[in-house]
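Structural overview for review
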Amino acid sequence: MAQPCAPNGVFMSFARIAALASAFATALLAPAAQAQEQVLNLYSARHYQTDEALYANFTKATGIRIQRLDADDAGVLARLKTEGANSPADVILLVDAARLAQAERDGLFLPVRSAVLEQRIPAQYRATSSADGIAWWGFSTRARVIVYNKANVKPLDVDRYEALAEPKHQGKVCTRSGSHPYNLSLFASLHEQLGAARLETWMKGVVANMARAPKGGDTDQIRAVASGECQIALTNSYYLARLMLSSKPEDQAAMEKVGVVMPNQSGQGTHMNIAGGAIAKHSRNVPAAQRFLEYLSSDAAQAYFANGNNEWPVVPGLKIANRALESFGDFKRETVATATLGANIGKVQQLLDRAQYK
């Protein structure tokens, strides 16, 4: 039997014909395989390089690829509102309890029922349950702590948030903007505990005690305390932990000058904010989105939040291996439910205006 002839006159073996046919079939099937690939569109306000491994581990375990869009909390929410029902977003990650609550009120999330999440995440760190389910979930926590210059301030003089407004600290306090979400959530918690009148008085006292106008981020406040520009400041715990773990000589020198207080241990406890997530209202891939949220509550992911980004897990009882977090000790955490903070934000912003807390 004669062998088929190639266009250039060279005879092809049957083995060669079979190989070409196989390659042609593979080429035809490739688009179908690509179409079956699961992709999860993630809108994230988490700007931590260490999270890359977190997402990669999910893809390795599930085969679901993460396609991420990064912005800050406000940017993520603004984009969702602009895109409306056409949004490709499946999962939303934000880094502030008040913003999560606001997004829920704006109807940007899809409430779900998840036995895994309800069992793993304490009620304090998730949205209030409704007939449709639960709209968002906290996955890690960070404390709002007070730092002070060890050479000039005694820790007992700044052991409460309320102390920042005391006249003896005039000219000593520095903060980032009062309207930044991290401060808004703290102030919303204080509103819950002090009431509007006492909170306004406190805000005016803090403004009167400022060493300079609010500016910069939390790390800037820590460095200002170390340099002596001011003596007392507020910061989220993970910014402090980064400097504690840093090998840079300038960071080590700064931390030698700075002390930290976990405020209000004799009262309501230290304010805890959260980073959390939700399924986007118009997600076209809800099962995979829920699977991703459940993955974030797993022991492996929770340990990663602690060891990779210096955040405390929300799942109770997990052991962590982070010497910076361990240095904060076993402290009393406030019990104000994070879901209630968003309702106070509007009131807090009015008080900030009246107190001229920029």
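Only a predicted model underlies this, so the values are computations on that prediction, with no experimental measurement involved.

What follows covers the confidence of the model for the protein. When pLDDT is averaged along the protein, the result is 90, and 90% of the positions lie at 70 or above. Per-residue pLDDT stays below 50 along residues 1-35; that stretch engages in 11 contacts with residues further than four places along the chain or on separate chains.

Let's shift gears to the state of the cysteines. Applying the stated criterion to the full structure yields one disulfide. At a sulfur-sulfur separation of 2.0 Å, the disulfide partner of Cys174 is Cys230. Taken together, the positions of Cys174 in strand S5 (residues 173-174) and Cys230 in the loop between helix H8 (218-227) and strand S6 (232-236) put the pair 56 residues apart, joining distant regions of the chain. Of the two residues, Cys174 and Cys230, neither departs from the other in class, the shared state being buried.

A separate point is helix H4 (residues 97-105). Since the α-helix turns once every 3.6 residues, residues separated by three or four places project in the same direction. All buried positions along H4 are accounted for by Ala97, Ala98, Leu100, Ala101 and Ala103. Those residues of H4 that are buried lie in contact with helix H3 (73-83), strand S3 (91-94), helix H6 (181-194), strand S8 (272-279) and helix H14 (345-355). After H4 finishes, the residue Gly107 shows a positive phi value of roughly 75°.

On to empty space enclosed by the protein. Tallying each qualifying case throughout the model produces one cavity of 30 Å³ or more. The wall of the largest cavity is formed by Arg46, Asp51, Leu54, Tyr55, Leu93, Leu94, Phe139, Ser140, Ala275, Gly276, Leu296 and Phe305. For the lining of the largest cavity, the elements supplying multiple residues, two or more each, are helix H2 (51-62), S3, strand S4 (137-149) and S8. Broken down by element, the residue count for the lining of the largest cavity peaks at three residues, all from H2.

Okay, the environment of His191 next. Position of His191 among the secondary structure elements: in helix H6. Between the C-alpha atoms of His191 and Asn344, which are 153 residues apart in sequence, the distance is 7.1 Å. Beyond its immediate sequence surroundings of up to four residues, His191 is in contact with Ala196, Leu199, Asn344, Lys347, Val348 and Leu351.

So, on to the pattern of salt bridges. Here the structure, examined in full by the defined rule, presents 19 salt bridges. Between Glu200 and Arg354 there is a salt bridge, and its shortest N-O distance comes to 3.3 Å. With Glu200 in helix H7 (residues 196-208) and Arg354 in helix H14, the pair connects residues that are 154 residues apart, well separated along the chain. A salt bridge links Arg223 to Asp251; its shortest N-O distance comes to 2.9 Å. Of this pair, Arg223 sits in helix H8 while Asp251 sits in helix H10 (residues 249-257), and the two are 28 residues apart along the sequence.

To continue, consider the environment of Tyr48. Along the chain, the position of Tyr48 falls in the loop between strand S1 (39-44) and H2. By relative accessible area, Tyr48 is classed as buried at 11%. Spatially, the C-alpha atom of Tyr48 lies 9.1 Å from that of Gly308, the residues being 260 residues apart in sequence.

Thresholds applied
Residues numbered from 1 in each chain as written. Predicted model: local features only at pLDDT ≥ 70, side-chain atom pairs only at ≥ 80, totals over all residues. Heavy atoms only, no water. pLDDT = per-residue confidence, 0-100. Contact = heavy atoms within 4.5 Å. Disulfide = S-S within 2.5 Å. Helix = DSSP H or I, 4+ residues; strand = E, 2+ residues; numbered from the N terminus. Buried < 20%, exposed > 50% of the residue type's maximum accessible area, 1.4 Å probe, protein only. 1 Å grid on protein atoms, 1.4 Å probe; cavity = no way out; pocket = protein on both sides within 12 Å on 5 of 7 lines; lining within 4 Å. Points joined across faces, edges and corners; volume = space filled by probe spheres on them. Salt bridge = Lys/Arg side-chain N within 4 Å of Asp/Glu carboxyl O.

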